[in-house]
Amino acid sequence: IGETILPATSSPGAKAAQVGEFMKIYVTDCYTQESQEAFNKGIGELEEACKKMHSKDFMACTPEQRTELLISIEKEAKEYNKTLQEKDIPRHYYTMMKQLTLLGFFTSKPGATEALRNVPVPGKYDGALPYKKGDKAFS
């Protein structure tokens with residue numbers, strides 16, 4: 001799922017950053033019991049939605065089919081999250097998956113050093129640093 005959200009291009013993708021392993025640890029160690037249950041239940045719901053849409057498991061789908069599925073689930077997630085009134089209720093499982101993918105990727109070594117501009121020993125602060133369209137953000 002992470003690799004579909006952040007695929008490898010000229011920079012590494014979620015798989016290279018081991019986002020799946022990050023998600024397992026983060027969900028287990030940092031999420032509340034309710035959020036853990038929603039996340040784990042969501043994995044099954046995603047598989048069911050994939051079988052309904054493409055008549056096969058998520059991993060058996062082409063990258064295009066996976067993307068199509070996640071786009072439809074993201075629309076569902078946005079609508080679901082709009083209805084939440086209480087902060088204690090877990091967000092939609094896809095929202096959690098997408099947030100963890102981004103967090104895991106951009107805090108990983110490949111994400112911070114290859115997808116972003118990395119300055120291991122920063123110099124002085126320059127608030128007027130020239131920016132050209134297409135430049136990478138700093139890590």
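Note: the structure precedes this text.
All of the points below concern the structure found in this document.

### Structural notes on the nonpolar core
Judged by nonpolar contacts, the single largest core of 24 residues is most densely connected at Phe39, Leu46 and Tyr94. Only helix H2 (19–30), helix H3 (33–54), helix H4 (63–83) and helix H5 (93–106) provide two or more residues apiece to this core. For this core, the element with the highest residue contribution is H5, accounting for 6 residues. Apart from residues lying up to four places away in sequence, Leu46 is in contact with Ile1, Phe58, Leu69, Leu70, Ile73, Tyr93 and Met97.

### Re the packing of H4 against H5
The contact between H4 and H5 brings their axes to 8 Å, and the two run at 110°. When the axis of H4 is compared with that of H5, the two are roughly perpendicular. Contacts from Leu70, Ile73, Glu74, Ala77 and Asn81 of H4 reach H5 at Tyr93, Tyr94, Thr95 and Lys98. Across the contact of H4 with H5, the residue classes break down as 5 nonpolar, 2 polar and 2 charged.

### Considerations on the environment of Glu68
For Glu68, the location among the structural elements is in helix H4. Judged by relative accessible area, Glu68 falls into the partly exposed class, the value being 44%. Taking the C-alpha atoms as reference, Glu68 lies 21 Å from Lys41; in sequence the two are 27 residues apart. Those residues within four positions of Glu68 in sequence are excluded, and the remaining contacts are Met53 and His54.

### Some thoughts on the packing of H2 against H5
Two elements in contact, H2 and H5, have axes separated by 9 Å at closest approach and are oriented at 115°. Looking at the two axes, H2 sits roughly perpendicular to H5. Here the hand of the crossing between H2 and H5 comes out right-handed. For the pair H2 and H5, the contacting residues are Val19, Phe22, Met23, Tyr26 and Val27 in the first and Met97, Leu100, Thr101, Leu103, Gly104 and Phe105 in the second. In terms of residue class, the contact of H2 with H5 is made up of 9 nonpolar, 2 polar and no charged.

Calculation rules
- Residues numbered from 1 in each chain as written.
- Predicted model: local features only at pLDDT ≥ 70, side-chain atom pairs only at ≥ 80, totals over all residues.
- Heavy atoms only, no water.
- Core = buried A, V, L, I, M, F, W, Y, C linked by side-chain atoms within 4.5 Å.
- Buried < 20%, exposed > 50% of the residue type's maximum accessible area, 1.4 Å probe, protein only.
- Helix = DSSP H or I, 4+ residues; strand = E, 2+ residues; numbered from the N terminus.
- Contact = heavy atoms within 4.5 Å.
- Axes fitted to C-alpha atoms, helices over the stretch in contact; angles between N-to-C directions.
- Parallel < 35°, antiparallel > 145°, perpendicular 65-115°, else oblique.
- Nonpolar A, V, L, I, M, F, W, Y, C, P; charged D, E, K, R; others polar.
- Left-handed = near helix turned anticlockwise from the far one by under 90°.

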